[in-house]
Every structure is written in C-alpha cells, then in structure tokens.
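Residues per chain, in single letters:
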Amino acid sequence: MKKIIFFAALLLLTASCATKKNAVIGNFQHLNTRNMSNISSIHEVTKAVSAKPLFKGQEGVVNALQIQKDGLLDKHVTKVPAILICVAGEVVFENEKGFKQTLSNGDYINIEPMVTHWVKGLQDSQLLLIK
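This structure is a prediction, so every number in the text was calculated from the model and none was measured.

Enquirer: Looking at this model, I keep getting lost on the packing of aromatic side chains. Mind explaining?
Expert: Each pair of aromatic rings is reported with the distance of its centres and the angle of its planes. Taken as a whole and assessed by the stated rule, the structure comprises one aromatic pair. Ring centres 6.3 Å apart and planes at 65° place the aromatic pair Phe93 and Phe99 in the edge-to-face group. Owing to a relative accessible area of 2%, Phe93 belongs among the buried residues under this scheme. By relative accessible area, Phe99 is classed as partly exposed at 36%. The cationic tip of Lys75 hangs over the ring face of Trp118; the distance from NZ or CZ to the ring centre is 5.0 Å.

Enquirer: Would you explain the pattern of salt bridges in this entry?
Expert: As a working rule, side chains carrying opposite charge can pair if their charged atoms are close by. Following the criterion strictly, the structure yields two salt bridges and no others. Between Lys120 and Asp70 there is a salt bridge whose closest N-O contact spans 3.7 Å. Pair noted here: Lys120 is in strand 10 (residues 117-121) and Asp70 is in the loop between strand 4 (61-67) and strand 5 (72-76), with a separation of 50 residues, a long-range link. As a salt-bridge pair, Glu112 and Lys97 come within 2.9 Å of each other at their nearest N and O atoms.

Enquirer: What exactly am I supposed to notice about the pairing of strand 8 (residues 100-104) here?
Expert: A regular strand carries its side chains on alternate faces of the sheet. Taken together, the five bridges between strand 7 (residues 90-95) and strand 8 define a ladder with antiparallel strand orientation. Its bridge partner being in strand 8, Glu94 is matched across the sheet by Lys100. Connecting strand 7 to the next strand, strand 8, in antiparallel fashion are four residues, including Gly98 with a positive phi near 90°.

Enquirer: Explain the sheet that holds strand 8 to me, please; I cannot follow it from the model alone.
Expert: Whether parallel or antiparallel, the strands of a sheet pair through hydrogen bonds between backbone atoms. Strands sit in the order 5-10-7-8 across an open sheet of four strands; the sheet is antiparallel. Looking along the sheet, the strands with just one partner apiece sit at the ends: strand 5 and strand 8. Going from strand to strand, the sheet's axes swing by 15° on average, the running direction of each strand aside.

The rules we used
- Position numbers for residues start from 1 in each chain and track the written sequence from start to end.
- For a predicted model such as this one, the threshold for reporting local features is a pLDDT of at least 70, and the threshold for listing and counting side-chain atom pairs is 80 or more; totals across whole chains, interfaces and linings nevertheless cover every residue.
- Calculation of side-chain values draws on the structure's entire complement of heavy atoms; hydrogens and water are dropped beforehand.
- To pair, rings of Phe, Tyr and Trp, with the six-membered ring standing in for Trp, must have centres within 6.5 Å; the planes then decide the type, stacked if under 30 degrees apart, edge-to-face if over 60, and tilted in the middle.
- The cut-offs for exposure are 20% and 50% of the maximum accessible area for each residue type, with area from a 1.4 Å probe on protein chains only; residues under the lower value are buried, those over the upper are exposed, and the others partly exposed.
- Whether a charge sits over a ring depends on NZ of Lys or CZ of Arg being within 6 Å of the ring centre and within 35 degrees of the ring normal.
- Should a side-chain nitrogen of Lys or Arg be within 4 Å of a carboxyl oxygen of Asp or Glu, the pair is scored as a salt bridge.
- Numbering goes from the N terminus for both helices and strands, where a helix is a DSSP run of H or I of at least four residues and a strand is a run of E of at least two.
- Should DSSP find at least two bridges between two strands, the strands are taken to pair.
- Angular values range over 0 to 180 degrees, each being the angle between N-to-C directions of two axes fitted as lines to C-alpha atoms, with helices fitted over their stretch in contact.

Encoded structure:
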C-alpha cells in the first residue's frame, strides 16, 4: 500500500512540474528541454579531440572539451590560470613538472600558467575548461 501511495505522489509531482513551464527558481526561470542541451551534442563524434567555446562572460571563458578514448590533447601552455573539470568519462592530466593525475566524473584540477601540460583520454570524456 505504501508503494502505491509513493508512486501516486510521484506521478502527481511529475505532472505538476510538467505543467509549470514558467516557474521561477531564484532569479532564474526554470528551463524547459527546448532551452537545454548536452555538452556532448556540440562536438563531432568523429574527432578524437574537440574544443568548442561554451560560454564567454565578462571576465572569462568556458570551453567544452571532448577527448575520446586514447585521444590526446597535445602539449600546450596557458597564459592565465585555468581549471579543468571532468564532467563525464576519465582522462589523465600531466605536466612538464612530472605531475600526473587521473580525473573522472566531478574531479577537477587547477592548471598553472606557463607550464606545459597535456591530457589523454582513458574513456570517451567531456570536460569543461574555465579560464
């Protein structure tokens, strides 16, 4: 009986949320599926490594990165401090100082400016690079 009541309440809640298309949460309007997207949808699946601008604010930039399994984002440097966040998958971040760290879902790393670094995909991965 408790299971039936739980599922009935869940159905009512789901139906209620579906009808409130313009509900306000804080200072933001609740987004419906027409306004939302998935990070992976902006990348071409045929590329081993892909970087696309996701958001440019007044003070910085967010890039969406896709690194496929065995893909390599080759050696490079950043001129400004950055943070790399693994949203999905698994990658290995390394730098010229001998630092090596595996990142998976939710993990992040601060990237030092002017230090050569590279990233290898252990699994198909989606990342955010914030500068």
